[in-house]
Amino acid sequence: MTGRPGRTGRSGSQAGAGDLLELVRNGRAVTRGALQQATGLSRATVGQRLDRLFRAGWLREGAGGPVGSPLGGRPSITLEFDDSHAVVLAADLDTRHARAAVLSLTGDILAEHAGTLVVEDGPEAVLGELGRWFAELLAKAGHGAREVCGIGVAVPGPVDSETGRVIQPPIMPGWDGYDIRGRLSRAFTEHTGAPAGPVLVDNDANLMAYGEQRTGHRDCTAFVLVKVSTGIGAGVVVNGSLYRGVDGGAGDLGHIRVGADALCRCGSYGCLAAVASGGAVARRLAASGVQAASGSDVRDLLAAGHPEAAALAREAGRRVGDVLATVVTLLNPGVLMIAGDLAGTPFLTGVRELLYQRALPRSTAHLDVVTSRLGERAGLIGAGALVVEHLYAPERVEERLAAMGV
């Protein structure tokens, strides 16, 4: 997890320690000389600001770099973000199961657990259990609770990023407006005895998109991920930043009306999720006598080569591809990634059939339609990255250093 692509530090005397740290983290300037050149600061001022970062334990010296002068001389000492001073906790909640992990500040998973957590049991119970998972994972990873600098959580519903509260989530009964941040902070303290750092909450498709774009498609300036599991949602990353809309509702593809008469869990008829989600495919399979109750059951059937599941997944892909033709025409992304329970060959084939048939050739000329690289870990990686970017943004670095007395 490095700094956002395309970010530039402030120049001259305005460039603070946080700006220097970001330049090092994103690889744009990794020596003292390069930092001077990038910011216009004097050698002494760069040294003073780097000293604060060294004292905080956030920066370290690496190996010597190449000699910059044709006349030779000592190689420049490189600077590195020191990811050993803290860890991040991350969780990815789905409707019936969840995954949690301890991650390094550079995105390595140090300990991980997946298990059953049913969102319909309500936020009090689910988040309390998640606090217990976190305590056990820290012990497994060999890290103390006071080393945790923050917690990131992905949830299957629209989120107001300012408050961290879900807003009218169709598949999360009892969670509307609930204080997820506060409850998870209390649960963490209950199970570890330590205060929690900041808790950041975002939509699962958003965080999957963030994780995938940052780890595999950093050069893509317009990236779209579509998650098709119990519901259908999309995450959009533009110029390295998540696009959430005015109140977190961007990407809610599952509730676009497609002219069908099926009743959706949101209470409306004709939503895309009611006819093309993993849950919708599972219901159709169950009606024909096949044992399937959820999108994960459909995933298992597809992995086993079940012919009826494959046919229905391809049909669902065609319905989603029809909607995505409009999305692609509107956003003109470079990468369209399909993820979730249905993200296999039959579904992807269906998406491509309708997408390329309906979208303008201009919109798809430079489009890559791919499947997830990170798989079930995408939400965890994205949640961890969100926390790191929040804590090590230049303005927040200055605040944190001042609070530390550095």
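Model, not experiment: these values are computed from the prediction. (Residues numbered from 1 in each chain as written. Predicted model: local features only at pLDDT ≥ 70, side-chain atom pairs only at ≥ 80, totals over all residues. Heavy atoms only, no water.)

Undergrad: So what's going on with the overall build of the protein chain? Which residues, and what values?
TA: Helices and strands together make up the secondary structure of the protein chain, namely 14 helices and 14 strands. Scaling as 2.2 N^0.38, a compact globule of 406 residues should have a C-alpha radius of gyration of about 22 Å, and the protein chain matches this with 23 Å. Overall, the protein chain is about 75 × 55 × 40 Å in size when its C-alpha atoms are taken along their principal axes. Long-range pairs, those at least 24 residues apart, make up 61% of the contacts in the protein chain with a sequence separation of at least 6. (Helix = DSSP H or I, 4+ residues; strand = E, 2+ residues; numbered from the N terminus. Rg over C-alpha atoms; globule rule 2.2 N^0.38 Å. Contact = heavy atoms within 4.5 Å.)

Undergrad: Outline helix α4 (residues 123-141), supporting the account with residue identities and numerical values.
TA: Taking 1.5 Å of rise per residue, the 19 residues of α4 would be expected to cover 27 Å, and the 26 Å separating its terminal C-alpha atoms lies within 8% of that figure. By the burial criterion, the buried members of α4 are P123, V126, L127, G128, L130, G131, W133, F134, A135, L137 and L138. For α4, the secondary structure elements touched by its buried residues are β3 (87-93), β4 (97-104), β5 (109-116), β6 (148-155) and α5 (180-192). Just beyond α4, the residue with positive phi is G142, at close to 75 degrees. (Expected span 1.5 Å × (residues − 1). Buried < 20%, exposed > 50% of the residue type's maximum accessible area, 1.4 Å probe, protein only.)

Undergrad: How would you summarise the confidence of the model for the protein chain if you had to cite specific residues and measurements?
TA: Mean pLDDT over the protein chain stands at 92; residues scoring 70 or higher make up 94%. The model gives residues 1-9 a pLDDT under 50, and that stretch makes 41 contacts with residues more than four places away or in other chains. (pLDDT = per-residue confidence, 0-100.)

Undergrad: Tell me what's going on with the pairing of β3, and back it up with residues and numbers.
TA: For β3, a buried count of seven out of seven residues is recorded, marking the element as mostly surrounded by other parts of the structure. The alternating pattern of β3 places V87, L89, A91 and L93 and V88, A90 and D92 on opposite faces, both of which are buried. Inspection of the sheet shows β3 paired to β4 by seven bridges, in the antiparallel sense. Bridged to D92 within β4 is R99. Adjacent in sequence and paired antiparallel, β3 and β4 are bridged by three residues. (Pairing = 2+ DSSP bridges.)

Undergrad: Describe the pattern of salt bridges, with residues and values.
TA: Inspection of every chain in the model, using the stated rule, returns 25 salt bridges. For E112, the salt bridge is made with R377, and the minimal N-O distance between the two is 2.6 Å. With E112 in strand β5 and R377 in the loop between β14 (368-371) and α13 (378-391), this residue pair connects regions lying 265 residues apart in the sequence. A residue is classified by how much of its surface remains accessible, and R377, at 39% relative accessible area, is partly exposed. Salt-bridge contacts for K227 lead to D204; the nearest nitrogen and oxygen are separated by 2.7 Å. You can see K227 sitting in strand β10 (residues 222-228) and its partner D204 sitting in helix α6 (residues 204-216), a full 23 residues away along the chain. (Salt bridge = Lys/Arg side-chain N within 4 Å of Asp/Glu carboxyl O.)

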